[in-house]
Amino acid sequence: MTCETSIELLPWLLNGTLEQPEKDQLLQHLAGCERCRTALAESRDAYRLFTTHVGSEDLVAYVWDQPATLAAEVIERHLAGCAPCAAEAELARMSRRLEEDANVVPFPTRQVVKRPALVWRTAALAASVLLVVSATGWWQSAQTAKSIAQEEAARPTPVLVPPPAQTPSAEEARSAELRARLQEAVERTGELAAEAEATAQVAARLESEVERLRQPQVNAWNEYLEAGVVRSASDGVEIPRDTVATPLLEAQGPESDRYPTVLDESGKVLWEGTKPLVRANRQYSVSFPAGWFPKPGRYTLQLWSVENGERVPRESYTLTVK
Amino acid sequence: MVPNDQEVVTRFLRGDREAVGTVDDWISRAAWPYQRRLATRWDDVLQDVRLEVTRLLSTGKFRGESSLRTYLWRVVSHTCLDQIRALTKWQLTDLEVLDLGDNPSSWPTPTVPSHEDRDLLLRVLAKVSQDCKELWRMLVAGMSYREMSEHLGVAEGTLRVRVLRCREKATALRRDLLASGPLADGRNIPARGSPIRSREANSDDL
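Enquirer: Please explain the overall build of chain A as it appears in this structure.
Expert: Counting secondary structure elements, chain A contains 8 helices and 9 strands. Of the contacts formed within chain A by residues at least 6 apart in sequence, a portion of 59% connects residues at least 24 apart. When the accessible surface of chain A is split by element, carbon and sulfur atoms take 57% of a total near 20400 Å².

Put into structure tokens, the structure is as follows:
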């Protein structure tokens, strides 16, 4: 562990939240590093600093407008920036108010229940009684509703006469308001459905992009990124299977676009690139994602050009995947 | 001193029912605002307060420079505040149990700050940025760096560096304040018992 890492971790060593392997490494480092032990002492001082508050006696004296060991402005500045101390000062002010004003009557103290088991049993019993009463009441209401429905069915259907036109009543106004809110809810539902559709389309595009990036990439190599680049001017190149691999290849035939195809040892086409390989300096690249080749072995990178509408085989390279 | 106050103290210490009842009523009323914060151990807190009141009265700490009622009100308040703070007190990892190689006894052990130290530390703290105070508040509350990183939405490395910079700034502030001397920063170090405020002194010991 370096000193930089060690010094950064010291506060969490002190608050006891480092995981054991990290803690063991840190302690091992501290045992042999005086610079970091000095930093540890400074971290402990920082703890003292950030856990310093106005003492309770000074806080009470301040609230009671009595002399304190700390200057008033020090206390006030601290209260302005320390929420816990400010909350405590408010509690003390409340207490002082109770001393000074006999007309202020606090709420009665709630008694702590000593037998919670009894309370739970009582509550369960009360709940079951309530359930029985409610169920009985519901059953009775259901029976009443049923008998009313039967009576209504037996009654002849009255002829409804439209009432005379009148000014809108409170019920009609309420009904209009509810219809407006329903309409608003329907419109909002429509908006949310449209948003969900748009999000689904974005997700589908992203998924498609991810799938595309899982395939070999043509001319994706950046000359500033040397990782995984294998240069070869011959027809054979070895590339690792478990990391990104970018063979750099040289064109050996006529200048024209090249289209790549990758075949396995049995000649089965694993991939056909639709983007042409073109580079001005006769070099071109194909980047293979980590783990793209099914297994170690020999593969063929066959390049094609298109002339007069027909595919013409050009260079081919043997890729030995390790 | 109001004669009734001394009489009440004497009778209370003798166990007189009426005096004990009067004092207990004052204690209950004075402690009422703190009850919610101390609800889980309220009975114990009240008992601790009664013991503290009894201790102070029996050792003659009350000298009558304020009314007995006001004196007891303040005792109840600061005792309850101490109880609240004890509930949230952070625990520093005990370095003595860590095997840290040579000369571990040379390291400073945490102590309750003296008044002068506390004054200095509070002045340093007043100059520290609110962001730094927030970071260290979470640390002192026992959050791991992973928890803090998730809570704040920053990378773990960034968080650790920020905490380190805060510590370094606070150390530098403390050094600067110490170097500038006790009067240059406007600090007023009172002699013990002398009033700071303009009101009449009340030096009843708490």
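Enquirer: Help me understand the overall build of chain B, please; the structure alone is not making it clear to me.
Expert: Counting secondary structure elements, chain B contains 8 helices and 0 strands. In sequence order, the secondary structure elements of chain B are arranged as α-α-α-α-α-α-α-α. In chain B, which comprises 206 residues, the share counted as buried stands at 40%. Once local pairs closer than 6 in sequence are excluded, the contacts in chain B between residues at least 24 apart make up 64%. Summing over all exposed atoms, chain B offers an accessible surface of approximately 11600 Å²; the carbon and sulfur share of this is 50%.

Enquirer: Help me understand the packing of aromatic side chains, please; the structure alone is not making it clear to me.
Expert: Describing an aromatic ring pair means giving the distance of the ring centres and the angle of the ring planes. Taken as a whole and judged by the stated rule, the model has 8 aromatic pairs over all chains. Both rings, one in Phe-62 of chain B and one in Tyr-71 of chain B, keep their centres 5.1 Å apart while their planes meet at 40°; by these two values the pair is tilted. For Tyr-71 of chain B, a relative accessible area of 2% puts it in the buried group. A connected cluster of aromatic rings, assembled from ring pairs, spans Phe-288, Trp-292, Phe-293 and Tyr-299 of chain A. Against the face of Trp-304 of chain A rests Arg-311 of chain A, its NZ or CZ located 4.0 Å from the ring centre.

Enquirer: Sorry, what's going on with the pattern of salt bridges here?
Expert: Should their charged atoms come close, side chains of opposite charge can pair. Residues and elements named next belong to chain A. Per the stated rule, a full pass over the model turns up 26 salt bridges over all chains. The closest approach of N and O atoms between Glu-100 and Arg-96, which form a salt bridge, is 2.6 Å. Here Glu-100 and its partner Arg-96 are both found in helix H6 (residues 83–100), 4 residues apart, which amounts to about one turn of the helix. Given a relative accessible area of 52%, Glu-100 falls into the exposed group. Note that Glu-238 and Lys-322 form a salt bridge whose closest N and O atoms lie 3.8 Å from each other.

Enquirer: Whenever I open this one, the pairing of strand S9 (residues 310–321) of chain A confuses me. Can you help?
Expert: Regular strands have side chains that alternate between both faces of the sheet. Residue and element names in this part refer to chain A. Bridge analysis of strand S8 (residues 297–307) against S9 gives 10 bridges, and the strand direction is antiparallel. The partner of Arg-298 across the bridge, within S9, is Thr-320. Linking S8 to S9, which pair antiparallel, is a turn of 2 residues; within it Asn-308 sits at a positive phi near 55°.

Enquirer: Got a minute to help me understand the confidence of the model for chain B in this structure?
Expert: The predicted structure's coordinates, where accompanied by low pLDDT, should not be read in detail. All names here are of chain B. With 72% of its residues at a pLDDT of at least 70, chain B reaches an overall mean of 78. Note on residues 96–110: pLDDT is under 50 here. Beyond four places in sequence and across chains, it has 20 contacts. Low pLDDT, under 50, characterises residues 183–203; the stretch is placed with 40 contacts to residues that sit more than four places away or in other chains. Taken over the whole predicted complex, pTM reads 0.51, whereas the ipTM for its chain interfaces reads 0.76.

Enquirer: What is the right way to read helix H1 (residues 3–14) of chain A from this model?
Expert: Its 12 residues give H1 of chain A an end-to-end C-alpha distance of 17 Å, which sits within 8% of 16 Å, the value for a rise of 1.5 Å per residue. Counted residue by residue, H1 of chain A has 10 buried out of 12 residues, so it is predominantly covered. Burial in H1 of chain A covers these residues: Cys-3, Ser-6, Ile-7, Glu-8, Leu-9, Leu-10, Pro-11, Trp-12, Leu-13 and Leu-14 of chain A. As for H1 of chain A, its buried residues are in contact with helix H2 (20–31) and helix H3 (34–50) of chain A together with helix H6 (130–140), helix H7 (145–152) and helix H8 (156–180) of chain B.

Enquirer: Mind showing me how you'd approach the environment of Trp-26 of chain B here?
Expert: Residue and element names in this part refer to chain B. Tracing the backbone through its elements, the reader meets Trp-26 in helix H2 (residues 17–31). Residues Trp-26 and Trp-73, spaced 47 residues apart in sequence, show a C-alpha to C-alpha distance of 7.2 Å. When neighbours within four sequence positions are excluded, Trp-26 is seen to be in contact with Leu-68, Arg-69, Leu-72 and Trp-73.

Enquirer: Where do I start with the pairing of S8 of chain A in this structure?
Expert: Across 5 bridges, the pairing between strand S5 (residues 259–263) of chain A and S8 of chain A is antiparallel. Bridge pairing in S8 of chain A places Pro-260 of chain A opposite Leu-303 of chain A.

Enquirer: Is there a simple way to explain the environment of Glu-52 of chain B in this structure?
Expert: Residue and element names in this part refer to chain B. Counting through the fold element by element, Glu-52 comes out in helix H3 (residues 42–58). Each C-alpha atom of the pair Glu-52 and Val-76 lies 8.5 Å from the other, and the pair is 24 residues apart in sequence. Among the polar contacts listed, one links the side chain of Glu-52 to the side chain of Arg-55, at a separation of 3.0 Å.

Enquirer: In this structure, what is going on with the packing of H7 of chain B against H8 of chain B? I would like to understand it.
Expert: What describes two packed helices is the angle between their axes and the distance between those same axes. Residue and element names in this part refer to chain B. At a closest axis distance of 9 Å, the pairing of H7 and H8 adopts a crossing angle of 105°. Considering their axes alone, H7 and H8 lie roughly perpendicular with respect to each other. Together, Tyr-145, Arg-146, Met-148, Ser-149 and Leu-152 of H7 and Glu-156, Leu-159, Arg-160 and Val-163 of H8 make up the contact between the two elements. Of the residues assigned to the contact of H7 with H8, the class counts are 5 nonpolar, 1 polar and 3 charged.

Enquirer: How should the nonpolar core be read in this particular structure?
Expert: Note on soluble globular proteins: their nonpolar side chains tend to be buried together. In terms of nonpolar packing, the biggest core is built from 48 residues, with Tyr-34, Val-53, Leu-57, Leu-68, Leu-72 and Cys-80 of chain B touching the most fellow members. Put simply, the parts of the chain that give this core at least two residues each are helix H4 (56–63), helix H5 (72–81) and H6 of chain A together with helix H1 (3–14), H2, H3 and helix H4 (68–87) of chain B. A per-element tally of this core places H4 of chain B first, with 9 residues. Among all residues touching Tyr-34 of chain B, those that are not within four sequence positions of it are Leu-91, Ala-92 and Ser-95 of chain A together with Trp-42, Ser-77, Cys-80, Leu-81 and Ile-84 of chain B. Membership of the second largest hydrophobic core comes to 39 residues, among which are Leu-26 and Ala-39 of chain A together with Leu-125 and Met-148 of chain B.

Enquirer: So what exactly am I meant to see when it comes to the state of the cysteines here?
Expert: Chemically, a disulfide is nothing more than a covalent bond linking the sulfur atoms of two cysteines. All names here are of chain B. Tallied over the full model, the rule gives 1 disulfide over all chains. Between the sulfur of Cys-132 and that of Cys-166 lies a disulfide, 2.1 Å long from S to S. The S-S bond linking Cys-132 to Cys-166 shows a torsion near -80°; that makes this disulfide left-handed. Residue Cys-132 is located in helix H6, and its partner Cys-166 is located in helix H8; the two are separated by 34 residues in the primary sequence. Residue Cys-132 shares its accessibility class with Cys-166, and that shared class is buried.

Enquirer: How should unusual backbone geometry be read in this particular structure?
Expert: If a residue is not glycine, its phi is most likely negative; likewise, a peptide bond is most likely trans. Residues and elements named next belong to chain A. Phi angles above zero are rare outside glycine, and Asp-65 is one such case at about 55°. Within the secondary structure, Asp-65 is located in the loop between H4 and H5. Residue Asn-308 is not a glycine yet carries a positive backbone phi of 55°. Tracing the chain through its elements places Asn-308 in the loop between S8 and S9.

Criteria and thresholds
Residues numbered from 1 in each chain as written. Chains lettered and ligands numbered in written order. Predicted model: local features only at pLDDT ≥ 70, side-chain atom pairs only at ≥ 80, totals over all residues. Heavy atoms only, no water. Helix = DSSP H or I, 4+ residues; strand = E, 2+ residues; numbered from the N terminus. Contact = heavy atoms within 4.5 Å. Areas by Shrake-Rupley, 256 points an atom, 1.4 Å probe, with all protein chains shown as cover. Buried < 20%, exposed > 50% of the residue type's maximum accessible area, 1.4 Å probe, protein only. Phe/Tyr/Trp six-rings, centres within 6.5 Å; stacked < 30°, edge-to-face > 60°. Lys NZ or Arg CZ within 6 Å of the ring centre and 35° of its normal. Salt bridge = Lys/Arg side-chain N within 4 Å of Asp/Glu carboxyl O. Pairing = 2+ DSSP bridges. pLDDT = per-residue confidence, 0-100. Expected span 1.5 Å × (residues − 1). Polar contact = N/O pair within 3.5 Å; in protein donor to acceptor, adjacent residues only side chain to side chain. Axes fitted to C-alpha atoms, helices over the stretch in contact; angles between N-to-C directions. Parallel < 35°, antiparallel > 145°, perpendicular 65-115°, else oblique. Nonpolar A, V, L, I, M, F, W, Y, C, P; charged D, E, K, R; others polar. Core = buried A, V, L, I, M, F, W, Y, C linked by side-chain atoms within 4.5 Å. Disulfide = S-S within 2.5 Å.

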